[in-house]
Amino acid sequence: VIQFPGSTFKYTVESEGSKYTQDLMYIDVYNDCKTTVTGAIDLYGDYINNNVIDVHHIGPNSTSRVDVRSIVDDNAHSSFLGSITVDKEAINTDAQLVNKNLLLSNTATAITEPQLDINTKEIACSHGCTVSNIDKDQLYFLESRGITTNIAEETLKQCFLTM
């Protein structure tokens, strides 16, 4: 994707139970652009999902937000390679890269690799990646309110993908 000056680009990927998916996204961001990439992926069985998202800020005064979340169960595998590159001329860039993964079994796999390549000082950039399990306290809280374990887990999964 090439974003011309002053443009807005929004991309959302939602996936549930695809045997094998691969999303490759390369975005060149010029001046005064807004870029948003979101993802909600639910994997189970032997399903595999690979995401590569590369946001390259070339011009000044642009923003980008990348937020990809995956739920990984059974023997499923998720990988995420996200990068933000900010050129020297891309001053006043505001970029954020987030990847969160929720593992639901001992055999599920989530690999996440965030990368920042910053070539100027006049910017605001951040990145963060997590791999975690369902919070037992949150599960207990819902169960103590009379919600069955299956429904409580499903509720927490949906909250994870949408919050």
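Right, let's walk through the structure included here. (Residues numbered from 1 in each chain as written. Predicted model: local features only at pLDDT ≥ 70, side-chain atom pairs only at ≥ 80, totals over all residues. Heavy atoms only, no water.)

A few words on the packing of helix α1 (residues 136-143) against helix α2 (residues 149-162). It is at 9 Å that the axes of α1 and α2 come closest, and there the two elements cross at 130°. Of the possible angle classes, the one that applies to α1 and α2 is oblique. Viewed along their axes, α1 and α2 form a crossing whose handedness is right-handed. On α2, the residues that touch Gln138, Leu139, Leu142 and Glu143 of α1 are Thr149, Ala152, Glu153, Thr155 and Leu156. (Axes fitted to C-alpha atoms, helices over the stretch in contact; angles between N-to-C directions. Helix = DSSP H or I, 4+ residues; strand = E, 2+ residues; numbered from the N terminus. Parallel < 35°, antiparallel > 145°, perpendicular 65-115°, else oblique. Left-handed = near helix turned anticlockwise from the far one by under 90°. Contact = heavy atoms within 4.5 Å.)

Moving on to α2. An ideal rise of 1.5 Å per residue puts 20 Å on 14 residues; α2 measures up with 20 Å between its terminal C-alpha atoms. Those residues of α2 lying buried are Ala152, Leu156, Lys157, Phe160 and Leu161. In the core, the buried residues of α2 are packed alongside β4 (34-43), β6 (63-72), β8 (94-103) and α1. (Expected span 1.5 Å × (residues − 1). Buried < 20%, exposed > 50% of the residue type's maximum accessible area, 1.4 Å probe, protein only.)

Nothing here speaks to function; it is all geometry.
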